Amino acid sequence: MTTGTTSNGAAATRTGDSDVPVDFNWNSEPDPLSPLPRTLPAEPTPEQAANAEVLSECLRDGLQGVSRYPDIDAMLKYVELLDAFGVRSATVGIHTGAGTLDATMKELLAGMAEHFPNIVPSVLSVCTPASLKWTAECREIHPKLESVVFMGSSPVRRMVQGWDMDFILRRMEATISETVALGIPVIGGTEHTTQTAPADVRAITRVQVENGAYRVAVADTIGIARPVGAYRLCSFIRQLLDELGTPDMKLDWHGHRDTGNALGNAMMAIAAGANRIHVVSRGVGERSGNASLEEVVLNLAAMQAEGGHPVSWNMTELLGLISFYQEMVDVPTADHGVLGKRYSYTSSGIHTDAILKANALADNARKAGDFPLEQKLREMARVVYSAVDPAAVGGTYSVGVSQWSGTSSVKLACLQSGRDPEKLTAERVDQILAYAKSEGRELEGEELEAWFAQS
Ligand SMILES: CC(C)C(=O)C(=O)O
């Protein structure tokens, strides 16, 4: 294995025994330019959380993970929902050559310019003249268009593409400066940044900054980073931006979910100085997907509120937003996971007992005319067994009856069906519970309906 430095300051590619290049590992590999952190911050500070933004990759990287490109009307409707939710930037295309896709991306940009001017769109440019020309065409359509000018940078990627560092730096330099000359704001990007050695990241970032990029984006393209790697890389870039005399330059984190670390990585990226996180509703995207919009905003919103800051997004629109996206891209909701199908469902007797009691207290408060207390107690009923208040994200809680249920579950399910549980006799409650236990399963909604209808 060899290490070294090229004339442009970039690290020479290290190779394994068979001369095949070895990628850098930001999680664990020592490097004189970037020491391994001994400790990590607990989480972003409230101020970092308050200032953190998200960029929607739903209409670009998300779509690279589904089987069919949605139609234009659906995508524009989705942009409307993003706008209502409070997302202010969205990547909406990548240069793919002529064809239906290209025409649809351009139509999308035109629709965004006309109807949703609050959202700044960006497209990805792969550092070729054709890509640059296409970006310029897109800019003709949308006056606020930004361009993510990027290339793959890791040793393995360079080998398979037949690129060396000088080639990458020259192409970046030319494309960024020409894009900037067209008046298009540039985000200097890389693919495989979390597999690229510090010296190479430094050389690329310097070229991006010196040629006019206004923002830098780093990518965990294969989802290999752990929070330690995300923190280390983003801290390294932040320090570099200071050294380059551009401490206010913004930094984006683009992460994937291959090893399940996307949320933790996003949080550590912000803690290290990243300003914006790339997200996709439901974490849709190639392979295991992209960082999930709902996971990132739920956590940032909690940190913002805990820090006494206003929440940046209209959280009651969240479920509607991600549900529309799922329908548009034809991705079913999983039972479990954040805001999964069962996120607000319970049939466990212990849980429904607490919910029912909190609601009974709320009823008492209402009878006493104490409406603020009633609201507090209703909220308590919704969160006593869930960190996510369904009402706060645009949903409702739901209760079922199963082998785990008790009297409270039957009564609450009855209440939810719009009936008065006081009218259920103790005998009927026992019959329903006995049935569920003998079946050893959750009762279907229709079965419960039939039981309640007989009561
Ligand atoms: C092009 C970049 C940002 C990307 O999608 C990735 O690396 O995953």
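This one's a predicted model, so the numbers in the text were calculated from it and none came from an experiment.

**Let's talk about the overall build of the protein chain**
Turning to step 1, where the next piece is worked out: Across its full length, the protein chain carries 16 helices and 10 strands.
Turning to step 2, where the next piece is worked out: Of the roughly 20000 Å² that the protein chain leaves accessible, carbon and sulfur atoms contribute 53%.
Turning to step 3, where the next piece is worked out: Once the 39 positive and 57 negative side-chain charges of the protein chain are each reduced to a mean point, those two points are 2 Å apart.

**Observations concerning the sheet that holds strand β4 (residues 146-152)**
Turning to step 1, where the next piece is worked out: Strands sit in the order β1-β2-β3-β4-β5-β6-β7-β8 around a closed barrel of eight strands; the barrel is parallel. Strand-to-strand twist in this sheet, taken as the mean axis angle between neighbours without regard to direction, amounts to 25°.
Turning to step 2, where the next piece is worked out: In this fold helix α6 (residues 165-181) packs onto β3 (120-125), β4 and β5 (186-191), with an angle of close to 175° to the strand it touches most, β4.

**Some remarks on the packing of aromatic side chains**
Turning to step 1, where the next piece is worked out: In total, this model carries six aromatic pairs according to the counting rule given.
Turning to step 2, where the next piece is worked out: Every member of this aromatic cluster is reached through a ring pair, and the members are F24, W26 and F236.

**Re the nonpolar core**
Turning to step 1, where the next piece is worked out: The biggest cluster of nonpolar side chains holds 79 residues, and the ones touching the most others in it are L59, F85, L108, W253, L318 and Y325.
Turning to step 2, where the next piece is worked out: Examining the composition of this core, we find that nine residues originate from one element, helix α2 (residues 72-85), more than from any other.
Turning to step 3, where the next piece is worked out: V401, C414, V429 and F452 belong to the second largest nonpolar core, which has 19 residues in total.

**With respect to the pattern of salt bridges**
Turning to step 1, where the next piece is worked out: Enumeration over the complete set of coordinates arrives at 25 salt bridges.
Turning to step 2, where the next piece is worked out: Across the salt bridge formed by R215 and D252, the nearest N and O atoms sit 2.7 Å from each other. Of this pair, R215 sits in strand β6 (residues 215-220) while D252 sits in strand β7 (residues 250-255), and the two are 37 residues apart along the sequence. Across the pair, exposure class does not vary: R215 and D252 are buried alike.
Turning to step 3, where the next piece is worked out: The partner of R382 in a salt bridge is D389, with the nearest N and O atoms 2.6 Å apart.
Turning to step 4, where the next piece is worked out: Here R382 falls in the partly exposed class, since its relative accessible area comes to 22%.
Turning to step 5, where the next piece is worked out: Taking relative accessible area as the criterion, D389 reaches 10% and is therefore assigned buried.
Turning to step 6, where the next piece is worked out: The network of salt bridges with shared partners includes D102, K106, K133 and E137.

**Considerations on the domain arrangement of the protein chain**
Turning to step 1, where the next piece is worked out: We note that the domain assignment places domain 1 (46-329) and domain 2 (345-453) within the protein chain.
Turning to step 2, where the next piece is worked out: The straight-line distance from the C-alpha centre of domain 1 to that of domain 2 is 43 Å.
Turning to step 3, where the next piece is worked out: Between domain 1 and domain 2, the contact holds five residues from the first and six residues from the second.
Turning to step 4, where the next piece is worked out: Of the roughly 380 Å² buried at the junction of domain 1 and domain 2 (both faces included), carbon and sulfur atoms supply 69%.
Turning to step 5, where the next piece is worked out: Taken as a group, L298, T316 and L319 account for 80% of the area that domain 1 buries against domain 2, more than any other trio of residues on that side.
Turning to step 6, where the next piece is worked out: In this structure, the connection of domain 1 to domain 2 is made through zero salt bridges.
Turning to step 7, where the next piece is worked out: In this assembly, domain 1 and domain 2 are joined by two residue pairs in polar contact (both at pLDDT 80 or more).
Turning to step 8, where the next piece is worked out: Its residues assigned to classes, the side of domain 1 that touches domain 2 shows four nonpolar, one polar and no charged.

**Some words on helix α9 (residues 262-271)**
Turning to step 1, where the next piece is worked out: Of all 10 residues in α9, eight are buried, a share of seventy percent or more.
Turning to step 2, where the next piece is worked out: Following α9 by one or two positions, G273 adopts a phi angle in the positive range, close to 115°.

**Remarks on the site of the ligand**
Turning to step 1, where the next piece is worked out: Within the structure, the ligand sits among R60, D61, L124, F150, E191, A219, T221, H254 and H256.
Turning to step 2, where the next piece is worked out: Note that an oxygen atom of the ligand is positioned 3.3 Å from one of the side-chain N or O atoms of D61.
Turning to step 3, where the next piece is worked out: Bound to the protein, the ligand loses 92% of the 260 Å² it would expose on its own.

**Digging into the packing of helix α12 (residues 349-367) against helix α13 (residues 371-383)**
Turning to step 1, where the next piece is worked out: Axis separation between α12 and α13 bottoms out at 8 Å; the angle between their running directions is 170°. Accordingly, the angle class assigned to the pair α12 and α13 is roughly antiparallel. Taken together, the residues of α13 that come into contact with α12 (itself represented by I355, A358, N359, L361, A362, D363, A365 and R366) are F371, L373, E374, L377, R378, M380 and A381.
Turning to step 2, where the next piece is worked out: For the contact of α12 with α13, the residue count by class is 10 nonpolar, one polar and four charged.

**Things to note about the side chain of T346**
Turning to step 1, where the next piece is worked out: Structurally, T346 can be placed in strand β9 (residues 345-346).
Turning to step 2, where the next piece is worked out: For T346, a relative accessible area of 11% puts it in the buried group.
Turning to step 3, where the next piece is worked out: Setting aside its immediate chain neighbours within four residues, T346 contacts H351, T352, I355, S398, V399 and G400.

**Examining a nonpolar patch on the surface**
Turning to step 1, where the next piece is worked out: A cluster of nonpolar residues, V20, V156, M159 and V160, forms a patch on the protein surface that exposes about 340 Å² of accessible area.
Turning to step 2, where the next piece is worked out: Here M159 shows up in helix α5 (residues 155-161).
Turning to step 3, where the next piece is worked out: Residue M159 is classed as partly exposed on the basis of its relative accessible area of 47%.

Procedures and definitions
- Residues numbered from 1 in each chain as written.
- Predicted model: local features only at pLDDT ≥ 70, side-chain atom pairs only at ≥ 80, totals over all residues.
- Heavy atoms only, no water.
- Helix = DSSP H or I, 4+ residues; strand = E, 2+ residues; numbered from the N terminus.
- Areas by Shrake-Rupley, 256 points an atom, 1.4 Å probe, with all protein chains shown as cover.
- Lys, Arg positive; Asp, Glu negative; His and termini not counted.
- Charge placed at Lys NZ, Arg CZ, Asp CG, Glu CD.
- Pairing = 2+ DSSP bridges.
- Axes fitted to C-alpha atoms, helices over the stretch in contact; angles between N-to-C directions.
- Contact = heavy atoms within 4.5 Å.
- Phe/Tyr/Trp six-rings, centres within 6.5 Å; stacked < 30°, edge-to-face > 60°.
- Core = buried A, V, L, I, M, F, W, Y, C linked by side-chain atoms within 4.5 Å.
- Buried < 20%, exposed > 50% of the residue type's maximum accessible area, 1.4 Å probe, protein only.
- Salt bridge = Lys/Arg side-chain N within 4 Å of Asp/Glu carboxyl O.
- Domains from an automatic or database assignment.
- Buried area = accessible area lost by both parts, 1.4 Å probe.
- Polar contact = N/O pair within 3.5 Å; in protein donor to acceptor, adjacent residues only side chain to side chain.
- Nonpolar A, V, L, I, M, F, W, Y, C, P; charged D, E, K, R; others polar.
- Near = heavy atom within 4 Å.
- Parallel < 35°, antiparallel > 145°, perpendicular 65-115°, else oblique.
- Patch = residues over 30% accessible without salt bridge, like charges linked within 9 Å, V, L, I, M, F, W, Y side chains within 5 Å.

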